[in-house]
Amino acid sequence: RVEKLKELKDLPAVTTDGRQSMLAANIGTPNDVEGALKNGAEGIGLFRTEFLYMNRNDFPTEEEQFEAYKYVAEKMNGKPVTIRTLDIGGDKKLPYLNMPEEMNPFLGYRAIRLCLDEKEMFKTQLRALLRASAYGNILIMYPMISSVVEVRKANEILNEVKGELDQKGIKYDKNIKVGIMVEIPSAAVTADLLAKEVDFFSIGTNDLCQYTLAVDRMNERIKDYYKPFNPAILRLIKNVIDASHKEGIFTAMCGEMAGDPLTTVILLGLGLDEFSMSASSIPNIKNIIRNVSYEKAKEFTEMVLNMSTPDEIEEASRKILYDII
Ligand code: PEP
Ligand code: MG
């Protein structure tokens with residue numbers, strides 16, 4: 001069975017009736033690229049950049065960041081590499097950055113909120129990203145967007161950096177795509193508005209579940225409430241994908257749900273364009289997609305969207321998965 005999955009490496013993730021999805025990998029350091037390629041990733045759907053900032057006493061330099069981003073872009077050899085700007089805060093703190101104690105860190109000063117405040121730090125990262133974009137196919141992604149307002153503010157800073165690079169004659173990809181994580185319910189609900197401002201969406205189901213269901217994603221005691229199969233989550237995902245397609249942009253998913261075999265048929269049926277996951281999950285998910293038709297997935301999804309409980313939906317998903325593979 002492992003052998004069979006290995007043979008899948010160079011085959012496309014295409015349904016029996018010809019709908020192709022893109023399967024990408026999530027990575028946390030440049031060293032992870034090797035595993036991504038070995039498992040047949042067609043791109044990097046989420047490159048978390050926190051590693052550059054953590055476990056040290058000062059900000060990473062532009063040069064350090066540039067080298068890391070360029071390395072990944074070059075190794076991926078023209079395949080898309082979606083790099084997420086700094087998502088610090090919440091449980092992740094930086095000793096060299098003044099981050100006050102908060103009552104609710106996950107609802108606090110973090111990610112894009114912090115970057116919009118720490119403008120020089122943000123500009124350094126954006127400059128490194130833009131410079132690296134001359135060496136491959138880089139996409140920029142902002143985390144923890146709650147409304148159009150932060151997108152516009154972040155893009156204003158991005159344009160400022162582009163202008164500075166232009167003045168100095170420094171190369172970068174002038175058509176670089178800019179997208180957002182959809183991981184806050186307000187963003188998922190207003191996806192139609194956001195779709196007009198960005199080039200792509202990537203649904204972060206880890207935080208989307210946490211915030212929509214009001215369930216701390218680390219709290220073992222309430223883990224039974226943390227259900228990606230909750231109808232509320234499925235409706236939000238549907239809303240995001242539909243809104244993106246109406247504007248002609250694509251939707252990826254980079255939360256854990258994208259690599260969960262039980263959810264593959266539903267996500268396919270909802271029209272998800274890209275699944276990004278730990279590299280080791282790719283062969284398994286590809287195997288499922290290659291053994292089901294898009295028509296059947298859509299039919300199944302329509303059916304489960306009418307169900308009222310996470311358990312019913314999970315049970316139905318288990319059944320259909322069993323039928324497929
Ligand atoms: C998410 O929230 O789903 C996500 C992919 O981001 P992270 O797990 O880094 O918060
Ligand atoms: Mg997140």
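Residues numbered from 1 in each chain as written. Chains lettered and ligands numbered in written order. Predicted model: local features only at pLDDT ≥ 70, side-chain atom pairs only at ≥ 80, totals over all residues. Heavy atoms only, no water.

Draft legend 1. Region of the structure containing the site of ligand 1. As a matter of local geometry, ligand 1 sits amid Leu46, Arg48, Arg84, Met181, Glu183, Gly204, Thr205, Asn206, Asp207, Arg217, Cys254 and Gly255. The contact in question runs from an oxygen atom of ligand 1 to an N or O atom on the side chain of glutamate 183, over 3.0 Å. Between ligand 1 and asparagine 206 there is a distance of 2.8 Å, counted from an oxygen atom to a backbone nitrogen or oxygen. Protein contact buries 96% of the 290 Å² of open area that ligand 1 shows by itself. At three residues, the largest contribution of residues to the shell around ligand 1 is made by helix H9 (residues 205–213). Residues of the shell around ligand 1, tallied by class, amount to three nonpolar, four polar and five charged. (Near = heavy atom within 4 Å. Polar contact = N/O pair within 3.5 Å; in protein donor to acceptor, adjacent residues only side chain to side chain. Areas by Shrake-Rupley, 256 points an atom, 1.4 Å probe, with all protein chains shown as cover. Helix = DSSP H or I, 4+ residues; strand = E, 2+ residues; numbered from the N terminus. Nonpolar A, V, L, I, M, F, W, Y, C, P; charged D, E, K, R; others polar.)

Draft legend 2. Quick peek at the environment of phenylalanine 200. Note on placement: phenylalanine 200 falls in strand S7 (residues 200–203). Sequence-distant contacts of phenylalanine 200, defined by excluding residues within four places in its chain, comprise Thr82, Leu139, Ile140, Met141, Lys177, Val178, Gly179, Ile180, Ile249 and Phe250. (Contact = heavy atoms within 4.5 Å.)

Draft legend 3. Expanded view of the confidence of the model for the chain. Across the chain, the average pLDDT comes to 96, with 99% of residues at or above 70. Listed scores for the predicted complex are pTM 0.97 and ipTM 0.99. (pLDDT = per-residue confidence, 0-100.)

Draft legend 4. Representation of the pairing of strand S5 (residues 137–142) within the structure. For S5, the tally of buried residues reaches five of six residues, placing the bulk of the element in the interior. Here strand S4 (residues 80–84) runs beside S5; their pairing, made up of five bridges, is parallel. Along S5, the bridge assignment pairs isoleucine 83 with isoleucine 140. For the handedness criterion, the β-α-β arrangement of S5, helix H6 (residues 148–168) and strand S6 (residues 177–182) is classed as right-handed. (Buried < 20%, exposed > 50% of the residue type's maximum accessible area, 1.4 Å probe, protein only. Pairing = 2+ DSSP bridges. Right-handed = clockwise from strand over helix to strand, strands pointing away.)

Draft legend 5. The coordination of the magnesium ion (ligand 2), seen in detail. Listed as protein donors to the magnesium ion (ligand 2) are Glu183 (OE) and Asp207 (OD); their distances from the metal cover 2.0 to 2.1 Å. With glutamate 183 in the loop between S6 and helix H7 (185–189) and aspartate 207 in helix H9, the pair connects residues that are 24 residues apart, well separated along the chain. (Donors = N, O, S within 2.8 Å, 3.2 Å for Na, K, Ca; no water.)

Draft legend 6. Spatial organisation of the environment of isoleucine 285. Secondary-structure assignment places isoleucine 285 in helix H12 (residues 282–289). For isoleucine 285, a relative accessible area of 0% translates into the label buried. Separated by 272 residues in sequence, isoleucine 285 and alanine 13 have C-alpha atoms that sit 8.4 Å apart. Setting aside residues up to four positions removed in sequence, isoleucine 285 forms contacts with Leu23, Ala258, Gly259, Asp260, Pro261, Thr264, Phe275 and Met277.

Draft legend 7. Spatial organisation of unusual backbone geometry. A positive phi angle is found at asparagine 55, which is not glycine, with a value near 55 degrees. The residue asparagine 55 is located in the loop between strand S3 (44–47) and helix H3 (62–76) in this model. Relative accessible area serves as the criterion here: at 80%, asparagine 55 is assigned to the exposed category. Phi is positive for alanine 214, which is not a glycine, with a value near 55 degrees.

Draft legend 8. Structural detail: the packing of aromatic side chains. For the structure shown, the criterion picks out six aromatic pairs. Each ring, one from phenylalanine 47 and one from phenylalanine 51, has its centre 5.8 Å from the other, and the planes form 15 degrees; the classification is stacked. Its relative accessible area of 28% is what places phenylalanine 51 among the partly exposed residues. Feature note: the residues Phe47, Phe51 and Tyr69 constitute an aromatic cluster, connected by ring pairs. In this structure, lysine 70 packs its charged tip against the face of tyrosine 135, placed 5.0 Å from the ring centre. Sitting over the ring of tyrosine 135, lysine 171 keeps its end group 5.6 Å from the ring centre. (Phe/Tyr/Trp six-rings, centres within 6.5 Å; stacked < 30°, edge-to-face > 60°. Lys NZ or Arg CZ within 6 Å of the ring centre and 35° of its normal.)

Draft legend 9. Fine view of the pattern of salt bridges. Within this structure, the stated rule accounts for 23 salt bridges. Its salt-bridge partner being arginine 110, residue aspartate 87 comes within 3.2 Å of it at the nearest N-O pair. On the criterion of sequence distance, the pair formed by aspartate 87 in the loop between S4 and helix H4 (111–117) and arginine 110 in the loop between S4 and H4 is long-range, its members being 23 residues apart. Both residues of the pair, aspartate 87 and arginine 110, count as buried. For arginine 318, the salt bridge is made with glutamate 314, and the minimal N-O distance between the two is 2.5 Å. (Salt bridge = Lys/Arg side-chain N within 4 Å of Asp/Glu carboxyl O.)

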